[in-house]
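Here is how the chains run, residue by residue.
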Amino acid sequence: MCAADSSPPSNKQKTGIAASLARPNILALHPYRCARDDYSDGILLDANENAIGPTSLPTNSLPNNNSLVLERYPCPYQIPLKELYAAHRGGNIGSKNIFVGVGSDEAIDLLMRIFCKPGEDAIMTTPPTYGMYKVCANINDVGIVEVPLTEEFDLRITEMLDAVTDKVKLMFICSPGNPTCKAIPIDDVKRLAESPYKGLIVVDEAYVDFSTEESAIKLIETYPNILVLQTLSKAFGLAGIRCGFAIGYDDIIQLMNNVKAPYNVNKLTSEVAINAMKNISTLEKNIKVLLDQREVVAKELKEMDFVVKVYPSDSNFLLVRLKKLSKDVYKHMADNGIVVRYRGSEMHCKECLRITIGTEKENRACLQLLTKTYKELAAATANC
């Protein structure tokens, strides 16, 4: 049998906010009960699987011995992965406090479906920020209340609380921010959690491993109105497996598990993720390399006469403002084999490029092409 989560609840865990915040139809939902909820051992003729075995030929990820038994559905609970992740992150959380999904984006979408009535409720965002909040809101017919960050990319907490209505069910805080690359102080998150706001504060920490700011996971035990999103796509270097986490009070996590697709995380993803959690020394080594390279790249950028500003970074990328021509620079660099991200159309990001920190060789090539491209474009403009 694929056992459901049996971790003991925390003695300090109290009733959360899910019952008062979620849509009534979600609270009343009887989740789909899949075959593996009942049995996972024996001669399994209950799930209409193909017992003959996988069609795919052996590859590096599909060995000859088919050790993952890919003809069978995966366990829907991912308990071993949750336990390893909880141990890694700390904060007195257990597997019941963790949802595993297809990247963080699945969790973002689920939260809107669980807590926001289409055509009626809203979310709050703080632009410039991650674009999927807006996309998911539009898909789910959910309103968007925007309270921009300051020009230095800090939260405007007073203005945020003033803009809250009883329709704003979710408040998304991206920390470290994308594209701002700036972490939000944990005291700001705590201030929001202690405010009169009655909704859920979602702290998106995709880049947290590159930051010196503490994770908001440490607040979850005390504040039932905080949910943290994290991913294996960034520091863990596993964007290709699409594995993300939501960490929060068990009442919210239970609703997310009720609403998700029955087998949302496949066996291949789960195996790679578990392997990563057993190799934290590699994670730490890779983070150090990237942080060292971030300092090298930032230093060289600051010495370029056409660079107006290199924003301080808590992430694995830099936000860089050029004097002019940033969009043309972006296009010409891409045409010549090096792709950065143009962010000049985002609020407070005029003439900005977002540059991901790569390998030492990639970074060197990027800086060289950036310098060459800008000089050529500036000269061509001057001759017009």
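It should be emphasised that the depicted structure is a prediction, and the values quoted were computed from it without experimental measurement.

A word on the overall build of the protein. Each helix and strand in the protein was counted, giving 13 helices and 11 strands. Against the compact-globule benchmark of 21 Å for 384 residues, the protein has a radius of gyration of 23 Å, which places it among compact chains. Principal axes of the C-alpha set define a box for the protein whose edges measure 75 × 55 × 35 Å. Residues counted as buried form 51% of the 384 residues belonging to the protein. In the protein, the share of contacts with a sequence separation of at least 24, taken over all contacts with a separation of at least 6, comes to 71%. Per element, the accessible surface of the protein, about 18,700 Å² overall, is 51% carbon and sulfur. On the protein, the mean spot of the 44 positive side-chain charges and the mean spot of the 47 negative ones are 3 Å from each other.

Moving on to the packing of aromatic side chains. Using the criterion set out here, one finds eight aromatic pairs in the structure. Here tyrosine 73 and tyrosine 263 contribute two aromatic rings whose centre-to-centre distance is 4.4 Å and whose plane-to-plane angle is 5°, an arrangement assigned as stacked. Of this pair, tyrosine 73 sits in the loop between helix 2 (24-27) and helix 3 (79-89) while tyrosine 263 sits in the loop between helix 9 (250-259) and helix 10 (267-277), placing them 190 residues apart in sequence. Taking relative accessible area as the criterion, tyrosine 73 reaches 38% and is therefore assigned partly exposed. Between tyrosine 130 and tyrosine 133, the aromatic rings sit 5.5 Å apart at their centres with planes inclined by 90°, giving edge-to-face as the arrangement. Grouped by ring-pair contacts, the aromatic residues Tyr130, Tyr133 and Phe172 constitute a single cluster.

Ile226, Leu232, Phe245, Ile247, Leu301 and Val329 are the most contacted members of the largest nonpolar core, which has 85 residues in total. Grouped together as the second largest cluster of nonpolar side chains are 32 residues, Leu21, Met112, Cys116 and Met256 included.

The next point concerns the sheet that holds strand 11 (residues 352-356). Pairing between the strands of a sheet is mediated by backbone hydrogen bonds and can be parallel or antiparallel. The strand order 8-9-11-10 describes an open sheet built from four strands, whose pairing is antiparallel. Sheet topology places strand 8 (307-310) and strand 10 (341-342) at the edges, where each strand pairs with a single neighbour. Set on the sheet, helix 11 (residues 280-302) makes contact with strand 8, strand 9 (317-322) and strand 11; between it and strand 9 the angle comes to about 5°.

It is the contact of helix 4 (residues 103-115) with helix 5 (residues 132-139), at a shortest axis distance of 10 Å, that shows an interaxial angle of 40°. As the angle between them shows, helix 4 and helix 5 are arranged oblique. Relative to helix 5, helix 4 is oriented so that their crossing is right-handed. Every residue of helix 5 that contacts helix 4 at Asp105, Ile108, Asp109 and Met112 is listed here: Met132, Tyr133, Cys136 and Ala137. Among the residues making up the contact of helix 4 with helix 5, the classes are represented as six nonpolar, no polar and two charged.

Attention now moves to the side chain of lysine 260. Mapped onto the fold, lysine 260 is located in the loop between helix 9 and helix 10. Summary of buried charges: lysine 260 has no salt-bridge partner, and the nearest side chain of opposite charge, glutamate 106, is 6.8 Å away. Among the polar contacts listed, one links the side chain of lysine 260 to the side chain of asparagine 264, at a separation of 3.3 Å. Look past the residues within four positions of lysine 260 in its chain and what remains in contact with it is Pro76, Phe99, Glu106 and Leu110.

Let's shift gears to the pattern of salt bridges. This structure, assessed with the given rule, holds 16 salt bridges. When the shortest N-O distance is used, the salt bridge between aspartate 209 and arginine 89 registers 2.9 Å. Pair noted here: aspartate 209 is in the loop between strand 5 (200-204) and helix 8 (217-220) and arginine 89 is in helix 3, with a separation of 120 residues, a long-range link. Between aspartate 292 and lysine 288 there is a salt bridge, with its nearest N and O atoms 2.9 Å apart. Note that aspartate 292 and lysine 288 are positioned in helix 11 at a spacing of four residues, about one turn of the helix. Using a relative accessible area of 39% as the deciding quantity, one classes aspartate 292 as partly exposed. Overall, the relative accessible area of 52% leaves lysine 288 in the exposed class.

Each value, and the rule that gives it
Residues numbered from 1 in each chain as written. Predicted model: local features only at pLDDT ≥ 70, side-chain atom pairs only at ≥ 80, totals over all residues. Heavy atoms only, no water. Helix = DSSP H or I, 4+ residues; strand = E, 2+ residues; numbered from the N terminus. Rg over C-alpha atoms; globule rule 2.2 N^0.38 Å. Buried < 20%, exposed > 50% of the residue type's maximum accessible area, 1.4 Å probe, protein only. Contact = heavy atoms within 4.5 Å. Areas by Shrake-Rupley, 256 points an atom, 1.4 Å probe, with all protein chains shown as cover. Lys, Arg positive; Asp, Glu negative; His and termini not counted. Charge placed at Lys NZ, Arg CZ, Asp CG, Glu CD. Phe/Tyr/Trp six-rings, centres within 6.5 Å; stacked < 30°, edge-to-face > 60°. Core = buried A, V, L, I, M, F, W, Y, C linked by side-chain atoms within 4.5 Å. Pairing = 2+ DSSP bridges. Axes fitted to C-alpha atoms, helices over the stretch in contact; angles between N-to-C directions. Parallel < 35°, antiparallel > 145°, perpendicular 65-115°, else oblique. Left-handed = near helix turned anticlockwise from the far one by under 90°. Nonpolar A, V, L, I, M, F, W, Y, C, P; charged D, E, K, R; others polar. Salt bridge = Lys/Arg side-chain N within 4 Å of Asp/Glu carboxyl O. Polar contact = N/O pair within 3.5 Å; in protein donor to acceptor, adjacent residues only side chain to side chain.

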